[in-house]
Amino acid sequence: MSEVSDTTLTTDGLSAPIGNDGRVLIIACGALAREILALIEMNKWTHMSLTCLPANYHLYPDKITAAVEEAVVKHRPNYAEIFIAYADCGTGGLLFEKCKELGVQMIQGPHCYSFFEGNDVFAATSEDEITAFYLTDFLVKQFDAFVWKPMGLDRHPELLDMYFGNYTKLVYQAQINDPALDAKALAISEKMGLPLERRFTGYGDLETALADL
Amino acid sequence: MSDEQEIILSELSDEELTLQMHDDLYDGMKDEIEESVHILLGRGWMPYDVLTKALVEGMRIVGIDFRDGILFVPEVLLAANAMKGGMLILKPLLAETGAPRMGNMVIGTVKGDIHDIGKNLVTMMMEGAGFEVKDLGINNPVENYIDELESGEYDILGMSALLTTTMPYMKVVIDTMVEKGMRDDYVVLVGGAPLNEEFGKAIGADAYCRDAAVAVETAKEYMSKKHNQLGA
């Protein structure tokens, strides 16, 4: 896994499963690959294998449901159980319906910002935080590829206010303690012109969801 | 050495300048658009003609290429920014010169949502098409929509949302309008990236509008139907 770059996880995902003992396959968003592998190692969940879809499907959420279905159909003959490591992720309930139809479980909640923080906590506080822009470890690392370039801000920084003029803060939800990521998050907040708030969330409900498998 | 020759806008004929403005809008060149608007006004053009023949037509072309995947959001925003520059010059003049009015609209992003790029585009294009638009901004609770509708002579309510978590709030607004017996007094248009036609129907909106150009066309159709009904 260490040889797979974050850029590859963003654009290509991880098509060949890591681990292959035929028990549980996790089909995940590429943005969660490192976190899930860390959890597998930390908890010695040797019965789990991981494959990932490109993280940048989040730029076009309508692609997610069909891609998940295709992956389930492809891998189902080789595994006893499949788990979908996506939340709703902008699919408007379509992914939930598809998972129900396919008979596979998925992560609860609207998106990773919610389940990393803990869905209950996020739901209780999100109304007061609608002007917060969230980043996770992965998004801090892939900020340019995921946010800055697709929005054209590398070429047209004058658009910054049109995109982010209504935001009042940048919340960095840290899954691990890494001073290099903290520094990068700070640089991003300066680039966006938003004050930074760092919150250590750990793996939140992602760990809880996988622990049940 | 570049083959490109610098274009002196003031030396172009009206027809050439109008076409050049379409190109400049497409390329998001705000300064050039503002200069061209002043040139046409200086040549005696009516503000409404500058608006429709140069700016709105240019944005129509931008809209088509956005729909067809040739242009993307950043380019559309640059074009919109250029058009906004032209509109700022024209707006006070349009009121003075009695430009045709198509109808009145209230628009706003729903409660819990601060995203306004799409809403702002719709507002601008609706104004360009001759609608008077009251923009309520972002994060609007139902009271904001209802109070505004009750306070003026409006024909259309527009609601926008970018998040799957906030788009259901549109139904709260429509249900409240039904409860108050005012739903049928207005055309309700909804839009936003995660919405679709099915969602629009399910919540009781009159139409889902995929983009700003569709919003304008849909609004015009409804206003035309309304006028036909009144005339019958």
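Q: How should I be thinking about the overall build of chain B in this particular structure?
A: The number of helices and strands found in chain B is nine helices and five strands. The order of α-helices and β-strands along chain B, N terminus first, is α-α-α-α-β-α-β-α-β-α-β-α-β-α. For chain B, the C-alpha radius of gyration of 19 Å lies close to 17 Å, the compact-globule estimate for 232 residues. Projecting the C-alpha coordinates of chain B onto the three principal axes gives extents of approximately 65 × 40 × 30 Å. Relative to its 232 residues, chain B shows a buried fraction of 44%.

Q: Mind showing me how you'd approach the interface of chain A and chain B here?
A: When the parts come together, some accessible area is lost, and that loss is often what is quoted as the size of the interface. Across the contact, 13 residues belong to chain A and twelve residues belong to chain B. Among the residues making up the side of chain A that touches chain B, the classes are represented as five nonpolar, six polar and two charged.

Q: Any chance you could explain the packing of helix α2 (residues 30–42) of chain B against helix α4 (residues 73–96) of chain B here in plain terms?
A: Helix packing geometry: the angle between the two helix axes and the distance between the axes. Residue and element names in this part refer to chain B. Relative orientation of the contacting elements α2 and α4 amounts to 30°, with a least axis distance of 8 Å. Taken together, α2 and α4 sit at an angle that is classed as roughly parallel. Note on packing geometry: the crossing formed by α2 with α4 is right-handed. Contacts between α2 and α4 involve Lys 30, Ile 33, Glu 34, Val 37 and His 38 from the former and Asn 81, Ala 82, Met 83, Gly 85, Gly 86, Ile 89 and Leu 90 from the latter. For the contact of α2 with α4, a count of residues per class yields six nonpolar, four polar and two charged.

Q: Could you clarify how one ought to interpret α4 of chain B in this entry?
A: Spacing of three or four residues puts side chains on the same side of an α-helix, whose turn is 3.6 residues. For α4 of chain B, built from 24 residues, the straight-helix expectation of 34 Å at 1.5 Å per residue is met to within 8% by its first-to-last C-alpha distance of 34 Å. Maximum bend of α4 of chain B: about 40°, positioned at Leu 90 of chain B, with proline Pro 92 of chain B one to four residues after it. Taken together, the buried positions of α4 of chain B are occupied by Pro 74, Val 76, Leu 77, Leu 78, Ala 79, Ala 80, Ala 82, Met 83, Gly 86, Leu 90 and Leu 94 of chain B. Buried positions along α4 of chain B lie against α9 (160–164) of chain A together with α1 (14–26), α2, α3 (47–67) and α5 (117–128) of chain B. Looking one or two residues beyond α4 of chain B, the residue adopting positive phi is Gly 98 of chain B, at roughly 65°.

Q: Any chance you could explain the sheet that holds strand β6 (residues 132–135) of chain A here in plain terms?
A: Across a sheet, paired strands are connected by hydrogen bonds in the backbone, their directions being either parallel or antiparallel. Residue and element names in this part refer to chain A. Within the open sheet, the three strands sit side by side as β6-β7-β8. Their pairing is parallel. Two strands close off the open sheet at either side, each with one partner strand: β6 and β8 (196–200). Recorded for the sheet is a direction-independent mean angle of 25° between the axes of neighbouring strands.

Q: Quick question: what am I supposed to make of the pairing of strand β7 (residues 169–174) of chain A here?
A: A regular strand places its side chains so that they alternate between the two faces of the sheet. All names here are of chain A. Pairing geometry for β6 and β7, over four bridges, is parallel. Across the sheet, the residue bridging to Leu 135 is Tyr 172, located in β7. As paired elements, β7 and β8 share five bridges and run parallel to each other. Bridge pairing links Leu 170 to Leu 196 in β8. With helix α10 (residues 179–192) bridging β7 and the parallel β8, this β-α-β connection has right-handed handedness.

Q: Hey, could you run me through the sheet that holds strand β4 (residues 81–85) of chain A in this one?
A: Residue and element names in this part refer to chain A. Ordered in space as β1-β3-β2-β4-β5, the five strands form an open sheet in which the pairing is mixed. Either end of the sheet is taken by a strand with one partner, and the two such strands are β1 (14–18) and β5 (105–106). With two bridges connecting them, β4 and β5 associate as parallel partners. Considered in β5, the bridge of Ile 84 is made with Met 106.

Q: Just to check I follow, could you spell out unusual backbone geometry for this structure?
A: Leaving glycine out, the prevailing phi sign among residues is negative, and the prevailing peptide bond configuration is trans. All names here are of chain A. For Lys 44, which is not glycine, the phi torsion reads 55° and is therefore positive. Examined against the element boundaries, Lys 44 turns out to sit in the loop between α2 (33–43) and β3 (48–53). For Lys 44, a count of 7 C-beta atoms within 10 Å corresponds to the exposed category. If you check the backbone angles, Cys 89 has positive phi at about 50° while not being a glycine. As for its position among the elements, Cys 89 is in the loop between β4 and α4 (94–102).

Q: Help me understand the nonpolar core, please; the structure alone is not making it clear to me.
A: Core analysis: the biggest nonpolar cluster contains 67 residues, and Met 125, Met 170 and Leu 189 of chain B have the highest contact counts within it. It is α4 of chain B that contributes the most residues to this core, nine residues altogether. Counting 55 residues, the second largest nonpolar core, distinct from the first, contains Leu 14, Leu 53, Phe 116 and Met 192 of chain A.

Q: Would you mind showing me how to read the domain arrangement of chain A here?
A: Residue and element names in this part refer to chain A. Split into domains, chain A comes out as domain 1 (24–106) and domain 2 (118–200). Each of domain 1 and domain 2 has a C-alpha centre, and the two are 24 Å apart. Counting from both sides, the interface comprises five residues of domain 1 and, opposite them, five residues of domain 2. Class assignment of the residues belonging to the side of domain 1 that touches domain 2 gives a composition of three nonpolar, one polar and one charged.

Cut-offs and rules
Residues numbered from 1 in each chain as written. Chains lettered and ligands numbered in written order. Predicted model: local features only at pLDDT ≥ 70, side-chain atom pairs only at ≥ 80, totals over all residues. Helix = DSSP H or I, 4+ residues; strand = E, 2+ residues; numbered from the N terminus. Rg over C-alpha atoms; globule rule 2.2 N^0.38 Å. Buried ≥ 20, exposed ≤ 12 C-beta atoms within 10 Å, placed from the backbone. Contact = placed C-beta atoms within 7 Å. Nonpolar A, V, L, I, M, F, W, Y, C, P; charged D, E, K, R; others polar. Axes fitted to C-alpha atoms, helices over the stretch in contact; angles between N-to-C directions. Parallel < 35°, antiparallel > 145°, perpendicular 65-115°, else oblique. Left-handed = near helix turned anticlockwise from the far one by under 90°. Expected span 1.5 Å × (residues − 1). Bend = angle between axes of the 7 residues up to and from the residue. Pairing = 2+ DSSP bridges. Right-handed = clockwise from strand over helix to strand, strands pointing away. Core = buried A, V, L, I, M, F, W, Y, C linked by C-beta atoms within 7 Å. Domains from an automatic or database assignment.

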